[in-house]
Amino acid sequence: MTTDRLPSLTGIGLKPEHYRDVMNAPNEGGLWVEVHPENYMTDGGPRRAWLEVIRAGRPVSLHGVGMSLAGDEPLDKAHLARWRELIKRYQPAMISEHVAWSARDGTYFADLLPTPATNEALDRLTANIDHMQTALGRSILIENPSLYVDLKGEMTEPEFLVEACKRTGCGLLLDVNNVFVSANNIGRGTEDYLDAIPGDLIGEIHLAGHAPDPIMGERLLIDDHGAPVAPEVWRLYERLIERVGPKPTLIERDTNIPAFAELAAEVETANAILERALEPANA
Amino acid sequence: MLEQLTYQARFAEMLAGSDEAVTPWLADATHIARLRVYRNNVVTAWADMIVKNYPAVERLVGTDFMRGAAIAFVKKNPPQSPVLSTYGEGFPAFIQEFEPARGLPYLADVARLDRAWTEAFFAPPTAPLGPGNLAGKSEVEVGALVLGLHPSVWLFSSKWNAREIWNANRSESDAPKIALEERPTWAAVWWSPNGMADRALESTEYQFLELISGGAPLGDALTKASSKVGESALYQFFSEALAGGLLTNPHK
């Protein structure tokens, strides 16, 4: 398998609990892995050594959570330098970040905070994407957010994201669970949203689970990455893949980490959908 | 349109507790009740890292007490960097002054050992000095060597038997009950060639490692630290330290 680009097959968000399973997983399935680079930005430690071993056999994607691309402050130069070090060491097949802000005035909030879809926010976001792509010498993918509140905007979220891609040359990491969660939470459509995204902008897809808010129940879904992918999200994913063709897809689980076999079963489900999109009847 | 710069400043105020700060930006005024989700996400993500980085403290005080202490800490000391693996350096000093923990005077020392473990775990992967590196050198040459501690080594001293308590509470398995004793103890925590390691030290061994850390030539450090115990005991420790990966040769 080549390790310098992501195959249009399914990977998993790599957790230390599964290092050994992934190392021993057969290569034929095309399993690739994604990590949060921030967890590897340490001087040393066994995680870095494990990633080196795993990187030798399969593509690795670096999916940042700390760049604060939608922030109203300049990007953190020290953080960009840490990114460069990881890119040099692990030669990732893909790099991506979020359309969110997470730091301000010297505090790192450790959450993906929402930005209104305004022209001013778009200018700021695209300047930051340009800065990141120039500093790293590579194009990136940007991920659509999960929203818990509806913010006043000047355009729809797909318009906002597509315009950011057009201006900067970056691609989209389309998180179908986030589309579902946000639509549920702020009362907008899921299929309209997905149909507004040109297929050629999509470089990767994320699938994950969510949970009802403990107080408001199903009216407010929390993007906790702590459960299997929901049936509605699978349905939206299948519908999307029928339209745009196979795309590199990731199963994410960040809390309630299950046995590797449980994730592997979800990987197979996604791969079956990707393979069906290649059959002549769908061509 | 309201300026985004103001929006993020006001959102940060909301995270600190003022819901009304972001109402001008809400498309649906009823969503004010949902802002707690962001506030909760932020504090939970911060506090989770403290709980994760201080597992022996958590076992000693219990989940609820630990979470309360972690939340009190993170609100005063939020992280400044997106690299959270080593977040929480100030927690041992915080817990020492934390009023509800006043009855547990050894707790801060246990926290210092948890911290030492984290620091050692993520230390730069430098190759330690091994016994083979001294082969062929004369006794005079070895005595003149200025060695250093491996970058993962954390030296520790306490007026309690804190390392015993820490060690018994560090893993998930059933902890043997350790009685608290007020007596001076010394220890080292480091990343050895076989993985994470810790051991109790005699005061002379601790003194020897401190002298090495301070840049004393090996011969001087052995002589000074062995004045009370005799050289042979300390030579034995030196061999163990060498084999255990505690030393480096920074001037090689």
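All of these numbers come straight from a predicted model, not from anything done at the bench.

As a further point, take the sheet that holds strand β9 (residues 202-207) of chain A. A barrel is described by the order of its strands in space; here eight strands give the closed sequence β1-β2-β3-β4-β7-β8-β9-β12 (chain A), paired in parallel fashion. Mean inter-strand twist for the sheet, computed between neighbouring axes without regard to direction, equals 30°.

All names here are of chain B. With 14 residues, helix α11 (residues 231-244) extends 20 Å from end C-alpha to end C-alpha; this agrees with the ideal 20 Å at 1.5 Å per step. Among the residues of α11, those classed as buried are L234, F237, F238 and A241. Each buried residue of α11 sits inside an arc of 105° when the element is viewed along its axis, so together they form one side. Exposed residues pointing more than 90 degrees away from the buried face of α11 are listed as S232, Y235, Q236, S239 and E240. Its buried side turned inward, α11 meets α9 (203-213), α10 (218-225) and β5 (247-248). Phi turns positive one or two residues past the end of α11, at G245, with a value near 80°.

Okay, the domain arrangement of chain B next. Residue and element names in this part refer to chain B. Taken as a whole, chain B is organised into domain 1 (1-104) and domain 2 (125-252). Computed from C-alpha coordinates alone, the two centres of domain 1 and domain 2 are separated by 38 Å. Contacts between the two partners involve four residues from domain 1, matched on the other side by four residues from domain 2. When grouped by side-chain class, the residues that make up the side of domain 1 that touches domain 2 number three nonpolar, no polar and one charged.

If you want to describe how two helices pack, look at the angle between their axes and the distance between the axes. Residues and elements named next belong to chain B. With their axes 9 Å apart at the nearest point, α9 and α10 run at an angle of 150° to one another. Classified by the interaxial angle, the pair formed by α9 and α10 is roughly antiparallel. By crossing handedness, the relation of α9 to α10 is classed as right-handed. Where α9 abuts α10, its residues T204, Q207, F208, L211 and I212 lie against A221, L222, K224 and A225. In the contact of α9 with α10, the residues fall into six nonpolar, two polar and one charged.

About the cut-offs
- Residues numbered from 1 in each chain as written.
- Chains lettered and ligands numbered in written order.
- Predicted model: local features only at pLDDT ≥ 70, side-chain atom pairs only at ≥ 80, totals over all residues.
- Pairing = 2+ DSSP bridges.
- Helix = DSSP H or I, 4+ residues; strand = E, 2+ residues; numbered from the N terminus.
- Axes fitted to C-alpha atoms, helices over the stretch in contact; angles between N-to-C directions.
- Expected span 1.5 Å × (residues − 1).
- Buried ≥ 20, exposed ≤ 12 C-beta atoms within 10 Å, placed from the backbone.
- Arc of directions from axis to C-beta.
- Contact = placed C-beta atoms within 7 Å.
- Domains from an automatic or database assignment.
- Nonpolar A, V, L, I, M, F, W, Y, C, P; charged D, E, K, R; others polar.
- Parallel < 35°, antiparallel > 145°, perpendicular 65-115°, else oblique.
- Left-handed = near helix turned anticlockwise from the far one by under 90°.

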